[in-house]
Amino acid sequence: MLQENKVPDRSLDRREFLAKSSLSAAAVVPIGTLARFAGLAGSGRPQEDWVRAARNEIPASTESSYFQTGGVGPSSRRTMAEVAEKLHFQNRGPADPRYSGTMAQIEPGLRSYLASVFGVGQDGVALTHSTSEGISIAAWSQNWMPGDEVIVSNQEHPANVVPWYVLRDRFGIVMREINLDAGTDLIHEVRQALSSRTRMVSISHVSRNNGRRVRTDESAALGELLRSRDIVYHLDGAQGPGCVDVDFSALGCDCYSTCGHKWLLGPKGTGAFFVREDMLDRIQLSWAGSHSHATMDYEGSYSLLPSAARYEFGTRALADFAGFHTAVSWMEELGFDRVLTRIQHLVTHAVDVVDARSEVQLASPRAEQDRSGVFVLRLPSGCDATEVYNRLADERNILSSPVRQAGDLRLAVHFFNTEDEIDAAMDAVAALC
Ligand SMILES: Cc1ncc(COP(=O)(O)O)c(C=O)c1O
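Note that the structure is predicted; figures quoted are calculated from it, not measured.

About the criteria used
Residues numbered from 1 in each chain as written. Predicted model: local features only at pLDDT ≥ 70, side-chain atom pairs only at ≥ 80, totals over all residues. Near = placed C-beta within 6 Å. Nonpolar A, V, L, I, M, F, W, Y, C, P; charged D, E, K, R; others polar. Domains from an automatic or database assignment. Contact = placed C-beta atoms within 7 Å. Helix = DSSP H or I, 4+ residues; strand = E, 2+ residues; numbered from the N terminus. Axes fitted to C-alpha atoms, helices over the stretch in contact; angles between N-to-C directions. Parallel < 35°, antiparallel > 145°, perpendicular 65-115°, else oblique. Left-handed = near helix turned anticlockwise from the far one by under 90°. Buried ≥ 20, exposed ≤ 12 C-beta atoms within 10 Å, placed from the backbone. Pairing = 2+ DSSP bridges. Expected span 1.5 Å × (residues − 1).

Moving on: the site of the ligand. Around the ligand, a shell composed of 14 residues is seen, among which Ser130, Ser132, His157, Arg208 and Ala238 lie nearest. Class assignment for the residues of the shell around the ligand results in 3 nonpolar, 9 polar and 2 charged.

As structure tokens, then:
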């Protein structure tokens, strides 16, 4: 039974927000207060020009040591400006074709752009509002019968557990759990769990609990195995794009759920669901509505769109999707390869720091090819991660996350983090434990 850590409400009131906000910080926060904020320019190791410039574009990255991208990523000023601009533009005449016509270009443009960036067929992208939405599209895509089985792992987010509990209780499906702790063999684990009743495998591309990534070659091999047995293969890619390389077709899965609001630094409430075009009719719709259809009449006939856009329906947040496009373009401009190389470099540094200390250990994989920016520390026994998380935030302005295991603490390391921030976080954790 999953027991998610309870994280207390840490919301700021307006006065606190103004005191910490970049919008007002220069005007109202005394220099002494600013200096206490970790990672501000001027101290520590020099950063490469592109990193320094990009950090300056992301307000949250210099107002704290922001290691919470695995929860929600901070957006750049450019992305926030795009959302604001499109929202203002749209509201000059939301149903006026002079405005709605321009706004209507946003979704097709974004679908096609995401398809080209992440190796998906041009008809294989649906725009969603979260990873969870994609997971539910996948989970509800089959005509489940009592006794049908789904394989998940012991390292899933509730978003890839709760839908299966619901299907278990409504339709009598059976959940099989494989062990994806660091160092286990994915293909072996899946083979052990397969049965003649297995209908789907749904696991994380990158685990939010231990940061283990499913490597592309492993995933391709798993895809081949599952296809030979007619089993649908879904990856939960909430921690995928922007954190590790994502080439959907090379991964060999049938469908992939992701979001814009973590490692891609997009607006909150944006996501995408990728589907192999030849699987569109196997990944059946459970929810549909206006815009899912190509044709319909009031006599009982309809046909679905011939693309993954069929999974979308209703009026949607187009300004946010415009910001999602801007966020991914910005990452492309920075260079996905450069971003991912820097993440690996910072995580290698973090592993070295852990190895040099006795207080903490690695919960994340040690092997470089299995690592991601989701970096998880195992605290000494008796040290509670939620308490450490609270004290790091309150006393040091270091933002981390507790995860499923009570003694594990996650530092999500993105390209805008620095070695100095990692060192300071490790020192602080050691002092608190
Ligand atoms: C692995 C994983 N899956 C799913 C989710 C849920 O993501 P979303 O908020 O985009 O639905 C998260 C969020 O942290 C996650 O880490």
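Still more ground to cover, so stick around.
Examined at the domain level, the protein breaks down into domain 1 (14-30 + 37-66 + 335-432) and domain 2 (81-331). Between the C-alpha centres of domain 1 and domain 2 there is a distance of 29 Å. Every contact between the two is made by 19 residues of domain 1 and, on the other side, 18 residues of domain 2. Looking at the side of domain 1 that touches domain 2, the elements with two or more residues in it are helix 15 (336-355) and strand 12 (374-378). Ranked by residues supplied to the side of domain 1 that touches domain 2, first place goes to helix 15 with 4 residues. Class assignment for the residues of the side of domain 1 that touches domain 2 results in 10 nonpolar, 6 polar and 3 charged.

Right, let's get into the packing of helix 9 (residues 131-139) against helix 10 (residues 162-171). Interhelical geometry of helix 9 versus helix 10 gives an angle of 30° and a closest axis separation of 10 Å. The angle between helix 9 and helix 10 places the two elements in the roughly parallel class. Of the two possible hands of crossing, helix 9 and helix 10 adopt the one that is right-handed. On helix 10, the residues touching Ile135, Ser136 and Ala139 of helix 9 are Pro163, Trp164 and Leu167. Of the residues assigned to the contact of helix 9 with helix 10, the class counts are 5 nonpolar, 1 polar and no charged.

Let us look at the environment of Glu312. Along the chain, Glu312 turns up in the loop between strand 10 (302-304) and helix 14 (318-334). Once the C-alpha coordinates of Glu312 and Gln361 are considered, the two residues, 49 residues apart in sequence, prove to be 44 Å apart. With sequence-adjacent residues up to four places away left out, Glu312 is seen in contact with Ala126, Leu127, His291 and Ser292.

In terms of burial, strand 8 (residues 271-275) is largely enclosed, as 5 of its 5 residues are buried. Neither face of strand 8 is left uncovered, since the one carrying Gly271, Phe273 and Val275 and the one carrying Ala272 and Phe274 both have all their residues buried. Pairing of strand 2 (residues 125-128) with strand 8, which is carried by 4 bridges, proceeds in the antiparallel orientation. Considered in strand 8, the bridge of Thr128 is made with Gly271. Summarising the sheet, strand 7 (residues 255-259) and strand 8 pair through 5 bridges and their orientation is antiparallel. Across the sheet, residue Thr258 finds its bridge partner in strand 8, namely Ala272.

What follows is about helix 17 (residues 419-432). Taking 1.5 Å per residue, 14 residues should reach 20 Å; helix 17 reaches 20 Å between its end C-alpha atoms and fits that length. Close packing links the buried residues of helix 17 with strand 1 (65-66), helix 15, strand 12, helix 16 (385-396), strand 13 (398-399) and strand 15 (408-412).

A word on the environment of Val328. Here Val328 shows up in helix 14. Aside from chain neighbours lying at most four places away, what touches Val328 is Tyr113, Leu114, Val117 and Leu264.

Sheet architecture is open: 4 strands sit in the order 11-12-15-14, paired in antiparallel fashion. Each edge of the open sheet carries a strand with a single partner, namely strand 11 (361-362) and strand 14 (401-402). Of the strand pairs in this sheet, strand 14 and strand 15 are connected by 2 bridges, and their pairing is antiparallel. Note on strand 15: the bridge partner recorded for Pro402 is Leu409.

Quick look at the sheet that holds strand 6 (residues 232-236) now. Two strands in a sheet stick together by hydrogen bonds in their backbones, pointing the same way (parallel) or opposite ways (antiparallel). With mixed pairing, the 7 strands of this open sheet are ordered in space as 2-8-7-6-5-3-4. Looking at the sheet topology across the chains shown, the edges are occupied by strand 2 and strand 4 (174-178). Mean inter-strand twist for the sheet, computed between neighbouring axes without regard to direction, equals 20°. Pairing analysis gives 5 bridges linking strand 5 (residues 198-204) to strand 6, with the strands arranged parallel. Opposite Met200, over in strand 6, you have Val232 as the bridge partner. Strands strand 2 and strand 8 of the sheet are contacted by helix 8 (residues 106-117), whose axis makes an angle of about 120° with strand 2.

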